[in-house]
Amino acid sequence: MLNRVRGRLRDGGDVDSIEFAKGELMKLCEQSELFPRDDFPVPTRKQKELFFHVHEDQDREYALYVNSALPGQYYGPHNHGTSWAIIAAIEGDEVHGLYRQTGHSTAEWANDITVRPGTAVSMLPGGIHSIRASGNTPLLHLHFYGQSFEIQGERTEFDLERGTAKYFTMNDSDLSYIIDMK
């Protein structure tokens, strides 16, 4: 899967190549035997989620993570800096709110996509989304990024009620919930 995706994305991520990569990630999700719960367990109530870092290239590009989360997980509107992002489901439902940036520090809701088995969501660099685990089934989702979390550059979190945004760069303490399986 990674070799096919690398070949299409070699010159950067445009809509067609990201859609191709999304289809490839969805095919990978169909092979649920590759992601047994023994290796990717449901987190405890205290943890809420576990992120398993399963692949990245030597240059820290093409990073693949497995997210195991309890219902109720939530992240407000944010982007992934200079990286494209694709999320697909093996099990469980997650609502992704999609937003368009309307100003330097403002964004507005555009629509929701529910990511469940057989569906996925993708964003070009700078794409804004929120995440809310829904339903009663724990999540097991694949997150595929053009760059690993550590090198996605300056990311933005949006506070829609206040019409503000704050910039951040992930550091080691932000990544303490990630289990390295590479």
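Residues numbered from 1 in each chain as written. Predicted model: local features only at pLDDT ≥ 70, side-chain atom pairs only at ≥ 80, totals over all residues. Heavy atoms only, no water.

Student: I'd like a rundown of the overall build of the protein, residues and numbers included.
Tutor: The number of helices and strands found in the protein is two helices and 12 strands. Listed by position from the N terminus, the elements making up the protein come as α-α-β-β-β-β-β-β-β-β-β-β-β-β. Over its C-alpha trace the protein gives a radius of gyration of 16 Å, about what one expects of a compact globule, namely 16 Å for 182 residues. Its C-alpha atoms put the protein at 45 × 40 × 30 Å along the principal axes. Expressed as a percentage of the 182 residues in the protein, the buried residues total 45%. Intrachain contacts of the protein at a sequence separation of at least 6 include 71% that bridge at least 24 residues. Carbon and sulfur atoms make up 47% of the accessible area of the protein, which amounts to about 9,200 Å² in all. In the protein, which carries 18 positive and 27 negative side-chain charges, the distance between the mean positions of the two groups comes to 3 Å. (Helix = DSSP H or I, 4+ residues; strand = E, 2+ residues; numbered from the N terminus. Rg over C-alpha atoms; globule rule 2.2 N^0.38 Å. Buried < 20%, exposed > 50% of the residue type's maximum accessible area, 1.4 Å probe, protein only. Contact = heavy atoms within 4.5 Å. Areas by Shrake-Rupley, 256 points an atom, 1.4 Å probe, with all protein chains shown as cover. Lys, Arg positive; Asp, Glu negative; His and termini not counted. Charge placed at Lys NZ, Arg CZ, Asp CG, Glu CD.)

Student: Can you lay out the pairing of strand β5 (residues 93-101) for me, pointing to particular residues and giving the numbers?
Tutor: Where β5 meets strand β8 (residues 128-134), seven bridges bridge the pair, whose relative direction is antiparallel. Residue L98 lies in a different strand from β8, and its bridge partner there is H129. Between the end of β5 and the start of strand β6 (residues 107-115), which pair antiparallel, lie five residues. (Pairing = 2+ DSSP bridges.)

Student: Any details on helix α1 (residues 2-9)? Residues and values, ideally.
Tutor: Taken together, the buried positions of α1 are L2, V5 and L9. End-on view of α1: buried residues confined to an arc of 65°, all on one side of the axis. Residues of α1 that are buried make contact with α2 (15-29), β1 (49-55), β2 (61-69) and β9 (139-147). (Arc of directions from axis to C-beta.)

Student: Can you tell me about the pattern of salt bridges, naming the residues and giving the values?
Tutor: One pass over the structure, following the stated rule, counts 11 salt bridges. A salt bridge links E24 to K27; the shortest N-O distance between them is 3.2 Å. Of the two residues, E24 and K27 are both situated in helix α2; the distance of three residues between them amounts to about one turn of the helix. Taking relative accessible area as the criterion, K27 reaches 46% and is therefore assigned partly exposed. Of the charged contacts in the structure, one is a salt bridge between D159 and R162, with a shortest N-O distance of 3.6 Å. On the basis of relative accessibility, which here comes to 68%, the residue R162 falls in the exposed class. Among the charged side chains, a salt-bridge network with shared partners connects R4, E24 and K27. (Salt bridge = Lys/Arg side-chain N within 4 Å of Asp/Glu carboxyl O.)

Student: Explain the packing of α1 against α2 to me, using residue names and the numbers behind them.
Tutor: Following both chains from N to C, one finds α1 and α2 inclined at 175°, their axes separated by 9 Å at the closest point. Taken together, the axis directions place α1 and α2 in an arrangement best described as roughly antiparallel. Contacts from R4, V5, R8 and L9 of α1 reach α2 at D16, S17, I18, F20, A21 and E24. Taken together, the residues of the contact of α1 with α2 break down into five nonpolar, one polar and four charged. (Axes fitted to C-alpha atoms, helices over the stretch in contact; angles between N-to-C directions. Parallel < 35°, antiparallel > 145°, perpendicular 65-115°, else oblique. Nonpolar A, V, L, I, M, F, W, Y, C, P; charged D, E, K, R; others polar.)

Student: Please provide a residue-by-residue account of α2, values included.
Tutor: Under the 1.5 Å per step criterion, the end-to-end length of α2 is 21 Å for 15 residues, consistent within 8% with the ideal 21 Å. Where the residues of α2 are buried, they touch α1, β2, β4 (85-91), β7 (120-123) and β9. (Expected span 1.5 Å × (residues − 1).)

Student: How would you summarise the sheet that holds β2 if you had to cite specific residues and measurements?
Tutor: Reading across from one edge, β7-β4-β9-β2-β1-β12 is the order of the six strands in this open sheet, with mixed pairing throughout. The two strands at the open ends of the sheet, each matched to only one other strand, are β7 and β12 (178-180). Each adjacent strand pair in this sheet contributes to an overall mean axis angle of 20°, direction not counted. Bridge count between β4 and β7: four bridges; the pairing is antiparallel. Each residue of the ladder has a partner; that of A85, found in β7, is M123. Sheet strands touched by α1: β1, β2 and β9. Its angle to β2, the strand with the most contacts, is close to 130°. Its contacts with the sheet place α2 against β2, β4, β7 and β9, and it is angled at close to 20° to β4.

Student: I'd love a proper account of the nonpolar core, names of residues and values included.
Tutor: Core analysis: the largest hydrophobic core is formed by 23 residues, its most contacted members being L25, F35, L142 and F144. Of all elements in the fold, only α1, α2, β1, β2, β4 and β9 reach the threshold of two or more residues within this core. Broken down by element, this core gets its largest block of residues, five residues, from α2. Dropping the residues within four chain positions of it, F35 is found in contact with L28, F40, V66, I90, L140 and L142. (Core = buried A, V, L, I, M, F, W, Y, C linked by side-chain atoms within 4.5 Å.)

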